[in-house]
Amino acid sequence: MITRPNYHEIEAIGDYLSQVPYDVTRATLYSAADLYNRFDPSQPQSIDLCYDTMVYRHYLAQGKHTRCANEKLARTLHDHSISMALTEFVSKFNVKRIVGVMGGHSALRTDPTYTKVAHLSKRLTEEGFLMVSGGGPGAMEATHLGAWMAGRPAHELAEALNVLSAAPSFTHPHWLSTAFEVIQRFPQSTYQSLGVPTWLYGHEPATPFATHIAKLFENSIREDGILTMAFGGIVFSPGSAGTVQEIFQDAVQNHYLTFGIASPMAFLDTTFWTKEMPIYPMLKQLADNGKYRNLLLSISDDPDEIVATMLRFRQ
């Protein structure tokens, strides 16, 4: 028999929701200033005092897969609120002007691929696209760095990359400080980009280069959301298991025309996707044999070629 919670149980739920270190009814997306509200670039350890860190500690303390019903409710309400704010934000854009970038979190800021993704994202942003990524380090950060530097000459992007190279990995203590140094040196308020990180991978800091951040607890909402909203196409830069999963998830959506449209699947780095991780030739063969339909596949080492692919599709 189903019983309704009594007054005291409802009151206890309300008390719990009011005490969690995050707003379960947040009306807007996050910004870097929200997540890193107490961060002082001159004191890298100050990240421990920030909102993002406090929420992550609570998340771990309660368990990534918590058995506490009140905590489950709190996380669900939070993610619902962020999802609503995300829907409102992306509704302002033409769906064919939203492009996602998928790729490894471990890509160093000094890697050639990082630079290529940044240039690619810069060009697409200048062409009027909204760039979306998982909002973390590596290729994700490069996506938002490129969007942040849109409208500036190439030598300023090179200067920004040089600043970031002092802390090449997100495990470096000055990873966040150097990002804020670039933001302060090259301020902008013209271009936007969207990061969708998650506290499931809270050990990977969210990039402050994303102007709008939809940070969630549930990673499944995050992954599906990026692939669903990026009707303008997905760029797959080198990655590992997570990126491969996203490739086939995107391929299924295109095959079945799940949302009524098939979008470009552009692979960056020919050697990686044909030799090291030979996903591209397999997908190409499956598409040629009719096992997969509606796949708009392309592969290139040149960011400008990928930009041209996205522009043709948009038109």
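Anything mentioned here points back to the structure above.
These notes cover the structure that comes with them. Owing to the predicted nature of the structure, the values given are computational and were not obtained by experimental measurement.

### Notes on the overall build of the protein
And step 1. Counting its regular elements, the protein contains 13 helices and seven strands.
And step 2. Its C-alpha atoms give the protein a radius of gyration of 20 Å, near enough to 20 Å, the size a compact globule of 315 residues would have.
And step 3. Its C-alpha atoms give the protein principal-axis dimensions of about 60 × 55 × 35 Å.
And step 4. A total of 315 residues make up the protein; the buried ones form 53% of that total.

### Description of the packing of helix α7 (residues 154–164) against helix α8 (residues 175–185)
And step 1. Between α7 and α8, the shortest axis-to-axis distance is 8 Å and the interhelical angle comes to 155°. Judged on the interaxial angle alone, α8 and α7 are roughly antiparallel. In this structure, α7 crosses over α8, and the sense of that crossing is right-handed. Taken together, the residues of α8 that come into contact with α7 (itself represented by Glu159, Ala160, Val163 and Leu164) are Thr178, Ala179, Glu181, Val182 and Arg185.
And step 2. Residues that form the contact of α7 with α8 fall into these classes: five nonpolar, one polar and three charged.

### Focus on helix α3 (residues 51–62)
And step 1. Its twelve residues give α3 an end-to-end C-alpha distance of 17 Å, which sits within 8% of 16 Å, the value for a rise of 1.5 Å per residue.
And step 2. Of all the positions in α3, only Tyr51, Asp52, Thr53, Val55, Tyr56, His58 and Tyr59 are classed as buried.

### What about unusual backbone geometry?
And step 1. Despite not being glycine, Leu257 has its phi angle at roughly 50°, a positive value.
And step 2. Looking at where Leu257 falls in the secondary structure, it is placed in the loop between α10 (241–255) and β6 (264–268).
And step 3. Located in the positive-phi region is Asp269, a residue other than glycine, with phi close to 100°.
And step 4. With respect to the secondary-structure elements, Asp269 resides in the loop between β6 and α11 (270–276).

### Side note on the sheet that holds strand β1 (residues 98–102)
And step 1. Pairing is parallel in the open sheet, where seven strands are placed in the order β4-β3-β2-β1-β5-β6-β7. Looking at the sheet topology across the chains shown, the edges are occupied by β4 (212–213) and β7 (296–300).
And step 2. Pairing analysis gives three bridges linking strand β5 (residues 233–236) to β6, with the strands arranged parallel. Its bridge partner lying in β6, Val235 is registered against Ala266.
And step 3. Sheet contacts for helix α6 (residues 139–148): β1, β2 (130–133) and β3 (193–195); angle to β2, the most-contacted strand, approximately 160°.

### Some points on the packing of aromatic side chains
And step 1. Taken as a whole and judged by the stated rule, the model has 14 aromatic pairs.
And step 2. Aromatic ring contacts, followed pair by pair, group Tyr22, Tyr30, Tyr51, Tyr56, Tyr59, Trp199 and Phe217 into a single cluster.

### Overview of the pairing of β1
And step 1. Extensive coverage of β1 is indicated by the burial of five of its five residues.
And step 2. Burial along β1 is two-sided: Ile98, Gly100 and Met102 and Val99 and Val101, pointing in opposite directions, are all buried.
And step 3. Here β1 runs beside β2; their pairing, made up of three bridges, is parallel. Looking across to β2, one finds that Gly100 is bridged to Val132.
And step 4. Assessed by its sense of winding, the connection that carries the chain from β1 through helix α5 (residues 112–126) to β2 is right-handed.
And step 5. By the bridge criterion, four bridges tie β1 to β5 in an arrangement that is parallel. The partner of Val99 across the bridge, within β5, is Gly233.

Rules and cut-offs
- Residues numbered from 1 in each chain as written.
- Predicted model: local features only at pLDDT ≥ 70, side-chain atom pairs only at ≥ 80, totals over all residues.
- Heavy atoms only, no water.
- Helix = DSSP H or I, 4+ residues; strand = E, 2+ residues; numbered from the N terminus.
- Rg over C-alpha atoms; globule rule 2.2 N^0.38 Å.
- Buried < 20%, exposed > 50% of the residue type's maximum accessible area, 1.4 Å probe, protein only.
- Axes fitted to C-alpha atoms, helices over the stretch in contact; angles between N-to-C directions.
- Parallel < 35°, antiparallel > 145°, perpendicular 65-115°, else oblique.
- Left-handed = near helix turned anticlockwise from the far one by under 90°.
- Contact = heavy atoms within 4.5 Å.
- Nonpolar A, V, L, I, M, F, W, Y, C, P; charged D, E, K, R; others polar.
- Expected span 1.5 Å × (residues − 1).
- Pairing = 2+ DSSP bridges.
- Phe/Tyr/Trp six-rings, centres within 6.5 Å; stacked < 30°, edge-to-face > 60°.
- Right-handed = clockwise from strand over helix to strand, strands pointing away.

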